[in-house]
Amino acid sequence: MLEQPDELSSEIKAELERLPRERTPGQLLEERTVKELRSRGLLRSPRMRPSWIVVAAAASIALFAGGFGLGQWTTSRNVGDALVTAQQITAQQIEARERTAMEAAELVQRTGSAYVLALASLASMADSARNGELDQGREVATAALYAAAGQLVSLIPDDPIAVQIRRLLSATQLPGEQESSRRVVWF
């Protein structure tokens, strides 16, 4: 005897209960539905109205013109301030620069004199000093002379004496000095 549809077994009822109640439609179904509704005239495609295009164009032009004008105004103010500042340089500031250059020249004079005195002192001790101490003194004196000649060349690039001193010092080595174990005393 066949079972009636109303009379389902408990196994079938349990299977039916486990089935999902809803199913998400796919993207293709949605696209086909929208296309069909548009073809029947029930759904319009999203378009910007011409009035909105005009308003958006006017707003963008106004925004651009306002930004350009603000930039010009700010720049002109900054240039004006810079001109006023440049005109405020006084004779005192120029004198202060000249005074600083004079102080630097005096410092070079004092340092050079101290260097020459130290070399004279080292030369006078040549007979009494041990050979290692004398070599270290000569190395320090040569390194200082090389650095001074380098600064002089950067200050006056066409000075033949400074260029020649630098060239001679870079080409020669002190006796007993090796290329790989050169000692430099920094001060």
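Our subject in this report is the structure included herewith. (Residues numbered from 1 in each chain as written. Predicted model: local features only at pLDDT ≥ 70, side-chain atom pairs only at ≥ 80, totals over all residues. Heavy atoms only, no water.)

## A word on the pattern of salt bridges
Here is the rule: Just to be clear on terms, a salt bridge is a Lys or Arg side-chain nitrogen sitting within 4 Å of an Asp or Glu carboxyl oxygen. Exposure classes here rest on a 1.4 Å probe applied to the protein chains alone. A residue is buried below 20% of its type maximum, exposed above 50%, and partly exposed in between.
Taken as a whole and assessed by the stated rule, the structure comprises two salt bridges. Across the pair Arg40 and Glu36 runs a salt bridge whose closest N-O atoms are separated by 2.9 Å. When its relative accessible area of 39% is taken as the criterion, Glu36 is described as partly exposed.

## Examining the packing of aromatic side chains
Filter applied, for reference: When two rings of Phe, Tyr or Trp (its six-membered ring) have centres within 6.5 Å they constitute a pair, described as stacked for plane angles under 30 degrees, edge-to-face for angles over 60, and tilted for the intermediate range. In DSSP terms, a helix is any run of H or I states spanning at least four residues, a strand is any run of E spanning at least two, and both are numbered starting from the N terminus.
Counted according to the given criterion, the structure contains one aromatic pair. Arranged with centres 6.5 Å apart and planes meeting at 20 degrees, the rings of Phe64 and Phe68 form a pair that is stacked. A residue pair is termed a helical-turn pair when its members lie 3 or 4 positions apart in one helix, as Phe64 and Phe68 do in helix α3 (residues 50-87) at four residues.

## Considerations on a nonpolar patch on the surface
Quick reminder of the rule: Grouping into patches uses exposed residues only, defined as over 30% relative accessible area, and leaves out salt-bridged ones; the cut-off is 9 Å for like charges and 5 Å for nonpolar side chains (Val, Leu, Ile, Met, Phe, Trp, Tyr). Using a 1.4 Å probe, the Shrake-Rupley method yields the accessible areas, and only the shown protein chains count as cover for residues.
A cluster of nonpolar side chains, Leu8, Ile12, Leu16 and Leu19, forms an exposed patch at the surface whose accessible area comes to about 330 Å². Here Leu19 shows up in the loop between α1 (10-18) and α2 (27-39). With relative accessibility at 48%, the residue Leu19 sits in the partly exposed group.

Purely geometric stuff here, so don't read any function into it on its own.
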